[in-house]
Amino acid sequence: MSGISLRDIRKAYVNGPQVLHGVSLDIQPGEFIVIVGPSGCGKSTLLRLIAGLDRCEDGTIEIGGRRANDLAPQDRDIAMIFQNYALYPHMTVRENIAFGLELRGMKKAERNERAQSVAKILQLESYLDRKPAALSGGQRQRVAMGRAMARNASIFLMDEPLSNLDNALRITMRTEIKELHRQLGATMVYVTHDQTEALSLADRIAVMKDGHLLQFDRPDVIYDRPANRFVASFLGSPPMNFVAADMLPGWTGPHGLTAGLRPEILSVHAEKPSKAALPARMLLSEMTGADMLLHCESPAGRLTVSASRQDMPKDKEQFWIAFDLDRALFFDSENGDRVDLSVAMQP
Amino acid sequence: MKPENPILAGLALVAGLLFLSPVLYSIWMSFQTVDAYYAGELGFTLDNYARAVGQYNFARYLLNSLIVSGLVTLIGITFATMAAYAFARYSFRGGNFLFAATVATLMIPSHISLIPNYLTLAKVGLLDSYAGLILPAISNGFAAFFLRQYIRGIPKVLDEAAYMDGATSLQVLWRIIVPLSRPAIASMALYIFITEWNNYIWPLVAVGKQDLYTLQIGLARLYRINPGEGLIDWPLVMAASTITILPVLLGFLLVERHLVRGITMGAVK
């Protein structure tokens with residue numbers, strides 16, 4: 001197991017914009033780190049820099065305590081799983097899994113044995129002699145994982161490995177990746193733009209935007225105490241509601257703040273409740289299974305509420321949305337930073 | 001297998017026979033005696049082949065052609081593949097200029113380079129040798145250009161996956177790029193082989209020793225064989241021609257599947 005230390009990493013492509021603006025991260029050995037952010041935020045570039053597939057202009061990359069800026073990818077003891085799997089189409093599953101071992105001079109019998117045991121773990125035994133073209137998306141994904149596993153690398157990098165799979169398979173594979181991390185104990189750096197994957201997989205999440213690292217912390221900390229409005233809006237589904245704090249009933253706090261209300265802290269009532277509440281009317285509703293998502297209009301602005309089906313208001317034109325102010329988050333309306341505020345509000 | 005459209009199949013058969021007829025005619029002619037041929041009679045003999053091989057040294061010419069075309073193909077396709085890989089995958093100072101220069105060689109008629117090549121090889125004493133026949137033909141701008149375009153179509157992420165697996169650049173080329181470029185490489189190898197096999201002017205200029213003649217030179221000399229009354233010994237010429245086209249036909253049959261894929265790849269990829 002190796003840790004990774006990134007210090008003030010800067011990267012710009014030739015004749016292109018600056019992609020990374022001084023990113024620093026310390027990843028402990030054996031940690032599962034998820035780098036999350038919208039498209040173009042630099043997360044894949046950061047992963048490629050760690051892999052050695054690209055070089056940074058400035059900053060230091062240390063792997064296992066050793067400066068790795070000038071090390072070739074093959075000298076970094078890193079395995080990588082690519083977004084589109086990058087399986088060698090002319091090789092069988094067995095050859096794909098064993099290729100890295102062959103390049104390291106392992107004898108054929110030994111590497112076949114290793115490929116067999118990896119295939120057993122990933123339930124690929126009956127596909128070992130097939131070419132990638134004859135596999136389904138999920139099976140290809142497993143082969144890509146198998147190729148990385150066979151190497152026994154100390155660091156695994158994964159670049160949106162589940163993004164090409166359907167939803168059901170994505171959930172299954174997510175669990176398998178988590179299990180794989182538990183079994184191998186290797187350091188894993190996982191890039192995704194899917195906040196559910198980030199929250200469910202990570203020991204720590206790095207949230208990026210426009211080449212900047214906005215926050216790097218445990219999933220619960222990032223969810224409960226996001227550094228700024230962007231992080232708060234990016235993590236959580238459905239996303240957080242933002243309203244001007246001055247528009248909240250009974251607000252006595254400072255001016256110039258935006259309140260962040262997660263849909264699950266809002267509740268729907270036919271009559272005005274005893275706690276803080278806003279009158280509302282429903283614009284539309286979406287069924288998500290057991291729950292409903294209600295998109296409502298209130299004097300403070302549009303709000304999305306997550307409610308159980310039995311709590312659906314009978315009168316869709318007039319009902320109340322209540323909330324706990326002590327569970328709300330507050331952000332500076334100017335710069336978007338979270339403001340630590342503990343205000344007990346009474347209706 | 002039953003043809004889907006019998007009319008089209010019939011037309012294709014007629015067209016095929018039409019294209020094949022000169023070849024079939026020359027093969028038929030190669031089995032005639034010269035007297036029967038000029039008398040307009042039918043006959044059968046293997047003597048023309050025996051004379052071409054025994055009396056007129058065609059076994060040696062065939063060997064020379066195989067050595068020269070084989071080595072030109074082997075070395076030429078190796079250089080072209082390596083150059084194509086570098087042009088397709090690496091950004092380096094002067095890379096675009098070098099590629100433009102490579103493509104520009106396609107615009108130079110081969111006869112233009114005849115005299116400079118001759119003078120150069122004469123200077124280093126390589127005329128009248130296999131090396132003299134082979135060296136001017138081993139760089140092939142068209143093959144480098146064609147393969148570069150093909151390699152650019154192979155996802156670069158496969159190279160990156162191989163690097164992550166521990167491969168060096170040469171291993172990426174040999175283990176990933178070359179197997180995936182097999183149709184294009186086979187097409188280009190056959191193209192280089194046929195071009196060199198049919199090359200007449202350069203061997204004519206570069207070689208004076210009869211032991212180094214290639215088939216094309218030997219074939220041209222057969223026109224001088226006079227069976228009498230200023231006639232040309234066509235059955236003998238056709239027997240030698242049949243010997244000349246056979247290796248190319250065999251080569252085509254071997255790589256035909258790849259060749260068709262190589263030619264059509266631009267249309268369907």
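Conventions adopted
- Residues numbered from 1 in each chain as written.
- Chains lettered and ligands numbered in written order.
- Predicted model: local features only at pLDDT ≥ 70, side-chain atom pairs only at ≥ 80, totals over all residues.
- UniProt positions renumbered as here; feature names shortened; annotations may be inferred.
- Helix = DSSP H or I, 4+ residues; strand = E, 2+ residues; numbered from the N terminus.
- Buried ≥ 20, exposed ≤ 12 C-beta atoms within 10 Å, placed from the backbone.
- Contact = placed C-beta atoms within 7 Å.
- Core = buried A, V, L, I, M, F, W, Y, C linked by C-beta atoms within 7 Å.
- Domains from an automatic or database assignment.
- Axes fitted to C-alpha atoms, helices over the stretch in contact; angles between N-to-C directions.
- Parallel < 35°, antiparallel > 145°, perpendicular 65-115°, else oblique.
- Left-handed = near helix turned anticlockwise from the far one by under 90°.
- Nonpolar A, V, L, I, M, F, W, Y, C, P; charged D, E, K, R; others polar.
- pLDDT = per-residue confidence, 0-100.
- Pairing = 2+ DSSP bridges.

Per an unreviewed UniProt entry, chain B is named sn-glycerol-3-phosphate transport system permease protein UgpE, and its organism is Endobacterium cereale. Its UniProt record gives chain B a comment under Sequence similarities (unreviewed entry), which states: "Belongs to the binding-protein-dependent transport system permease family."

As recorded in an unreviewed UniProt entry, chain A goes by ATP-binding cassette domain-containing protein and comes from Endobacterium cereale. One UniProt comment on chain A, placed under Subcellular location (unreviewed entry), says "Cell inner membrane". What UniProt records for chain A under Sequence similarities (unreviewed entry) is the sentence "Belongs to the ABC transporter superfamily."

Okay, the overall build of chain B next. Across its full length, chain B carries 14 helices and zero strands. Secondary structure elements of chain B, listed N to C terminal, follow the sequence α-α-α-α-α-α-α-α-α-α-α-α-α-α. C-alpha extents for chain B along the principal axes are approximately 70 × 60 × 30 Å. Counting only residues that meet the buried cut, chain B has 35% of its 269 residues in that class. Within chain B, counting contacts between residues at least 6 apart in sequence, those at least 24 apart form 77% of the total.

In terms of regular secondary structure, chain A is built from eight helices and 19 strands. The dimensions of chain A, computed from C-alpha atoms along their principal axes, are 75 × 45 × 35 Å. Across the 347 residues of chain A, 41% fall into the buried class. Counting contacts in chain A only where the partners sit at least 6 residues apart, residues at least 24 apart contribute 64% of the total.

What follows deals with the nonpolar core. Judged by nonpolar contacts, the single largest core of 164 residues is most densely connected at Ile33(A), Ile35(A), Leu157(A), Ile321(A), Leu147(B) and Met188(B). For this core, the leading source of residues is helix H4 (residues 58-89) of chain B, giving twelve residues. When residues of this core are sorted by domain, at least three fall in each of domain 1 (4-226) and domain 2 (241-339) of chain A. Other than its neighbours up to four places away in sequence, Ile35(A) contacts Lys43(A), Leu46(A), Leu47(A), Val189(A), Val191(A), Ala206(A) and Met208(A).

For the rest of this paragraph, the subject is the UniProt feature "transmembrane region" (unreviewed entry) in chain B. Residue and element names in this part refer to chain B. Mapped onto this numbering, the UniProt entry gives "transmembrane region" (unreviewed entry) at residues 7-28, 61-85, 97-118, 130-151, 172-194 and 234-255. From the first C-alpha to the last, residues 7-28 spans 29 Å; its make-up is 100% helix and 0% strand. End C-alpha atoms of residues 61-85 are separated by 35 Å, and the span's content is 100% helix alongside 0% strand.

A separate point is the packing of H4(B) against helix H8 (residues 141-152) of chain B. Residues and elements named next belong to chain B. Running from N to C, H4 and H8 cross one another at 50 degrees; their axes reach a closest spacing of 8 Å. The angle between H4 and H8 places the two elements in the oblique class. Like other packed secondary-structure pairs, H4 and H8 cross with a definite hand, here right-handed. The residues of H8 that touch H4, namely those facing Gly76, Ile77, Ala80, Thr81, Ala83, Ala84, Tyr85, Phe87 and Ala88, are Ala143, Ala144, Leu147, Arg148, Ile151 and Arg152. Taken together, the residues of the contact of H4 with H8 sort by class into eleven nonpolar, two polar and two charged.

This paragraph deals with the UniProt feature "domain: ABC transporter" (unreviewed entry) in chain A. Look at the UniProt record and you will see "domain: ABC transporter" (unreviewed entry) annotated at residues 4-235 of chain A. The annotated region residues 4-235 of chain A carries 37% helix and 25% strand content, and the separation between its end C-alpha atoms amounts to 25 Å.

This part takes up the confidence of the model for chain A. Averaged over every residue, the pLDDT of chain A is 91; residues scoring 70 or more account for 98%. In this model, residues 343-347 of chain A is a region of pLDDT below 50 whose contacts with residues beyond four sequence positions or in other chains number 13 contacts.

Take unusual backbone geometry next. Residues and elements named next belong to chain A. Here the residue pair serine 237 and proline 238 is connected by a cis peptide bond, since its omega of -5 degrees sits within 30 degrees of zero. Here the phi dihedral of alanine 86 falls at roughly 50 degrees; this positive angle occurs in a residue that is not glycine. Position of alanine 86 relative to the elements: it lies in the loop between strand S6 (78-81) and helix H2 (93-103). Of note in the backbone geometry, asparagine 152 takes a positive phi value of approximately 55 degrees without being a glycine. Note on placement: asparagine 152 falls in the loop between helix H4 (137-150) and strand S7 (155-159). Under the C-beta neighbour-count criterion, asparagine 152 is labelled partly exposed, with 14 such atoms within 10 Å.

Turning our eyes to something else, we now look at the sheet that holds strand S16 (residues 301-308) of chain A. Residue and element names in this part refer to chain A. Strand order across the open sheet formed by five strands is S13-S17-S14-S15-S16, with antiparallel pairing between neighbours. Bordering the open sheet on either side are strand S13 (266-269) and S16, each of which pairs with just one other strand. Within the sheet, the average angular offset between the axes of one strand and its neighbour, ignoring direction, is 45 degrees. As defined by bridge partners, strand S14 (residues 277-287) adjoins strand S17 (residues 319-323) across four bridges and the pair is classed as antiparallel. Among the inter-strand pairings, leucine 278 is bridged to a residue of S17, identified as isoleucine 321.

As a further point, take the packing of helix H9 (residues 156-165) of chain B against helix H10 (residues 169-180) of chain B. Residue and element names in this part refer to chain B. One way to put it is that H9 packs onto H10 with a least axis distance of 10 Å and a crossing angle of 120 degrees. If you check the angle between H9 and H10, you find them oblique. Classified by chirality, the crossing of H10 by H9 is right-handed. Residue-level contacts link Leu158, Asp159, Ala162 and Tyr163 of H9 to Gln171, Val172, Arg175 and Ile176 of H10. The class makeup of the residues in the contact of H9 with H10 is five nonpolar, one polar and two charged.

Considered domain by domain, chain A is made up of domain 1 (4-226) and domain 2 (241-339). Here domain 1 of chain A and domain 2 of chain A have C-alpha centroids that lie 39 Å from each other.

Another aspect to go through is the interface of chain A and chain B. The interface of chain A with chain B comprises 17 residues on the first partner and 13 residues on the second. Of all the secondary-structure elements, those providing two or more residues to the side of chain A that touches chain B are S6 and H2 of chain A. For the side of chain A that touches chain B, the per-class residue count stands at twelve nonpolar, four polar and one charged.

Since there are 3.6 residues in each turn of an α-helix, residues three or four apart along the chain are aligned in direction. Residues and elements named next belong to chain A. The buried count for H2 comes to eight of eleven residues, which makes it a mostly enclosed element. Of the residues making up H2, those classed as buried are Val93, Arg94, Asn96, Ile97, Ala98, Phe99, Gly100 and Leu101. One or two residues past the end of H2 sits glycine 105, with phi positive at roughly 85 degrees.

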